[in-house]
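# Coordinate inspection notes
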Amino acid sequence: SYVALVAATVGVLTVPVHLAGYREHGIIRRLRASAIPPTVLVAAHSVVAVVISAVSSAVLIMASVLGYEARLPSDWPATVGAFVLVAVAFAALGSALGALLPTARAAQGLGVLLFFVFMLLGGAGPPMEVLPDAMADIAEFLPITHAARLLRSAWLGEGWEGTAALVVAGMLVVAVVVALWRFAED
């Protein structure tokens, strides 16, 4: 859950703030005058977000293993694949938010709100089993819940949780379409 939260936090707090700020200050519009399409800028920010998520997750895992004797993944290829899908999906979500929100300040406000919702309802805060029924029902609609399930199942050597993988992949596709559509209009 914490590894999923790291990827989600980078996706909803860094990417949309930068991209919305670029739109707000006319940088995206100015890029049109150059040979660099806005999609290259969005892709570059997404790659940086995935790298930051990977490094941050590696530090988190090392601290967990050294400080709390946590187990390393049982199935490394499945875990790495699940992580890449999760990190790219949340970077894409951040790109879509950055494309939709009018200012960097709005993106930051929404990012902080999403961070707390993701932390409290996505499994990184209180265990899902102790959440009231209404909150557990809301958690089922959050992408972080499915991202955490996908990572957890891969980590424990159970393969990919099919529904969770579909939800995360669906979020990725929708976010990419929204970001491309919106940046094409700018």
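No experiment lies behind these values; they were computed from the predicted model shown.

### Some words on unusual backbone geometry
Here E69, not a glycine, exhibits a phi torsion of approximately 55 degrees, which is positive. By the secondary structure assignment, E69 is in the loop between α4 (38-68) and α5 (76-100). Classification of E69 by relative accessible area gives exposed; the value is 72%.

### Describing a nonpolar patch on the surface
A surface patch of nonpolar side chains, amounting to about 610 Å² of accessible area, comprises V47, V51, V55, V59, M62 and L66. Along the chain, the position of M62 falls in helix α4.

### Topic: the nonpolar core
V86, F90, F118 and L150 are the most contacted members of the largest nonpolar core, which totals 55 residues. At 14 residues, the largest contribution of residues to this core is made by α5. Other than its neighbours up to four places away in sequence, F90 contacts A7, A8, G11, F118, P143, I144, A147 and M171.

### Comments concerning the side chain of R182
Topologically, R182 is positioned in helix α9 (residues 162-185). In this structure, R182 is in contact with R23, A99 and L100, ignoring residues within four places of it in sequence.

### Here's the deal with the pattern of salt bridges
All chains considered together, the criterion is met by one salt bridge. Of the charged contacts in the structure, one is a salt bridge between R149 and E140, with a shortest N-O distance of 2.4 Å. With relative accessibility at 35%, the residue E140 sits in the partly exposed group.

What counts, and at which threshold
Residues numbered from 1 in each chain as written. Predicted model: local features only at pLDDT ≥ 70, side-chain atom pairs only at ≥ 80, totals over all residues. Heavy atoms only, no water. Helix = DSSP H or I, 4+ residues; strand = E, 2+ residues; numbered from the N terminus. Buried < 20%, exposed > 50% of the residue type's maximum accessible area, 1.4 Å probe, protein only. Patch = residues over 30% accessible without salt bridge, like charges linked within 9 Å, V, L, I, M, F, W, Y side chains within 5 Å. Areas by Shrake-Rupley, 256 points an atom, 1.4 Å probe, with all protein chains shown as cover. Salt bridge = Lys/Arg side-chain N within 4 Å of Asp/Glu carboxyl O. Core = buried A, V, L, I, M, F, W, Y, C linked by side-chain atoms within 4.5 Å. Contact = heavy atoms within 4.5 Å.

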